[in-house]
Amino acid sequence: MNAILLSGTCALVVSLFLTRWAIRQFAAWSLGQLIREDGPVTHHLKRGTPTMGGAAIVVSVLIGYAAAKLLTWDSPSRPALLVLFLLVAMAGVGFLDDFIKVRKQRSLGLRSRAKLLGQTAVSLTFGVLALLRARPNGGPAPVSLRLSLVSDVGPVLPWVIVMALIWFMVNGTSNATNLIDGLDGLLAGSAVMVFAAYTIIGIWQNQHLCGSASPADGLCYQVASPLDLATVAAALTGACFGFLWWNASPARIIMGDTGSLALGAAMAGFAVLTRTELLLVVLGGLYVAVTGSVIIQVSWFKLTRRTTGVGRRVFRMTPLQHHFELLGWEQVTVVIRFWIIAGVCVAAALGIFYSDWVGGLR
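Just so you know, these numbers come straight off a predicted model, no measurement behind them.

Points about the state of the cysteines
No. 1: Across all of its chains, the model carries one disulfide by this definition.
No. 2: A disulfide bridge connects Cys 210 with Cys 220, and the sulfur atoms are separated by 2.1 Å. Around the S-S axis, the bridge from Cys 210 to Cys 220 shows a dihedral of about 85 degrees and counts as right-handed. A residue pair is termed long-range when its members are at least 10 positions apart, and Cys 210 in the loop between helix H6 (186-207) and helix H7 (226-247) and Cys 220 in the loop between H6 and H7 qualify at 10 residues.
No. 3: A relative accessible area of 28% means that Cys 210 is categorised as partly exposed.

Here it is, written out as structure tokens:
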């Protein structure tokens, strides 16, 4: 618990000051955000706002976690390092995307194929490292070969299928958080709730590990180093809180793909390593809805264009948050209401997590 408190507090403090420094320095380096021309008119006011602010989140997490480990004289665990790998590596992909936008002065950075290739390289590397030496020191494997909601369900899957699922989860979640980023504070605020939930899940799993506190069948978790995963989640919670101070409307710095891709990949990493893959669908329900709006919009447009010759749209604009902006909602109103939805999804997921454990007592 000391490590969790130290990690979260240190990441929060570092993020507050580091983001403030990044605002000045990135502006001096002319790292300003480019805005898509077909977006809402109100977004054009953001042109030139410093971007790549996600780098401050990533650095704050690393410092917060390292400080917690040093002050508690504890060594890092393999699952925690795997999440940090996802965070840093996917931030690297996002940084390339942001840098190309700024360097070439266009609203689109990496080409879609190049971006997908980078995301695939990161997700598959994570999968290989997670499955390598599946049971170190005789403890539980970092990654289960079965799907999990709160505990393992279904048959044992071939490692090829597991790798495909990891690829889908990491790429899908990082793209989902990338889609929802665009309104001041929307992603940072919702991410705080998700990472706070994983902090709680990690603490609870640690208190009920199989072979320790809860020996009864059905009342324990086969998870590797859940408390250290909670330490990383606490660092992410604190870092996003600190960034949100400067990113709240009107944003003085933008997260960019550097932050949005990294945060989504980290969420997927927690889901895989805490064995709550299916629970992430509920926990990140807001991201699922936003991604679904894009899929529906594109699919319906292509279908109607093929059948009638004229493409039609379901929403005024996607991702979903822009649809409500074009309906006349103020940006702050959209953000707050989406935060409420994110909070409801997180509460529902934690309810499912706890009720499953209570059900095991009967």
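Some remarks on the nonpolar core
No. 1: In terms of nonpolar packing, the biggest core is built from 86 residues, with Phe 195, Tyr 198, Leu 236, Leu 263 and Phe 270 touching the most fellow members.
No. 2: Contact partners of Leu 236, with chain neighbours within four places excluded, come to Val 61, Leu 87, Phe 195, Leu 263, Ala 266 and Phe 270.

Considerations on the side chain of Asp 228
No. 1: With respect to the helices and strands, the residue Asp 228 is situated in helix H7.
No. 2: For Asp 228, a relative accessible area of 8% corresponds to the buried category.
No. 3: In terms of polar contacts, Asp 228 uses its side chain to reach the side chain of Tyr 65, at 2.7 Å.
No. 4: Ignoring sequence-local partners within four residues, the contact set of Asp 228 consists of Tyr 65, Lys 69, Pro 76, Ser 77 and Ala 80.

Some words on the packing of H6 against H7
No. 1: Their axes nearest at 8 Å, the elements H6 and H7 cross at an angle of 160 degrees. It follows that H6 is roughly antiparallel to H7 by the angle criterion. With respect to the hand of their crossing, H6 and H7 are arranged in left-handed fashion. Within the contact between the two elements, H6 uses Ala 188, Gly 189, Ala 191, Val 192, Phe 195, Ala 196, Tyr 198, Thr 199, Gly 202, Ile 203, Gln 205 and Asn 206 and H7 uses Pro 226, Leu 227, Ala 230, Ala 233, Ala 234, Leu 236, Thr 237, Cys 240, Phe 241, Phe 243, Leu 244 and Asn 247.

Concerning helix H10 (residues 285-308)
No. 1: For H10, which comprises 24 residues, the first-to-last C-alpha distance of 33 Å matches the rise-based estimate of 34 Å (1.5 Å per residue) to within 8%.
No. 2: Those residues of H10 that fall on the buried side of the exposure criterion are Gly 285, Leu 286, Tyr 287, Val 290, Ser 293, Val 294, Gln 297 and Thr 304.
No. 3: Looking one or two residues beyond H10, the residue adopting positive phi is Gly 309, at roughly 90 degrees.

Overview of unusual backbone geometry
No. 1: Following Ser 249, the chain continues into Pro 250 via a peptide bond in cis, with omega recorded as -5 degrees.
No. 2: For Pro 250, the location among the structural elements is in the loop between H7 and helix H8 (256-273).
No. 3: Here the residue pair Thr 318 and Pro 319 is connected by a cis peptide bond, since its omega of 0 degrees sits within 30 degrees of zero.
No. 4: Along the polypeptide, Pro 319 turns up in the loop between H10 and helix H11 (320-326).
No. 5: Unusually for a residue other than glycine, Met 52 sits at a positive phi of about 65 degrees.
No. 6: One can find Met 52 in the loop between helix H1 (2-28) and helix H2 (54-72).
No. 7: The backbone phi angle of Arg 275 is positive, close to 60 degrees, even though this residue is not glycine.
No. 8: Position of Arg 275 relative to the elements: it lies in the loop between H8 and helix H9 (279-283).

Procedures and definitions
- Residues numbered from 1 in each chain as written.
- Predicted model: local features only at pLDDT ≥ 70, side-chain atom pairs only at ≥ 80, totals over all residues.
- Heavy atoms only, no water.
- Disulfide = S-S within 2.5 Å.
- Helix = DSSP H or I, 4+ residues; strand = E, 2+ residues; numbered from the N terminus.
- Buried < 20%, exposed > 50% of the residue type's maximum accessible area, 1.4 Å probe, protein only.
- Core = buried A, V, L, I, M, F, W, Y, C linked by side-chain atoms within 4.5 Å.
- Contact = heavy atoms within 4.5 Å.
- Polar contact = N/O pair within 3.5 Å; in protein donor to acceptor, adjacent residues only side chain to side chain.
- Axes fitted to C-alpha atoms, helices over the stretch in contact; angles between N-to-C directions.
- Parallel < 35°, antiparallel > 145°, perpendicular 65-115°, else oblique.
- Left-handed = near helix turned anticlockwise from the far one by under 90°.
- Expected span 1.5 Å × (residues − 1).

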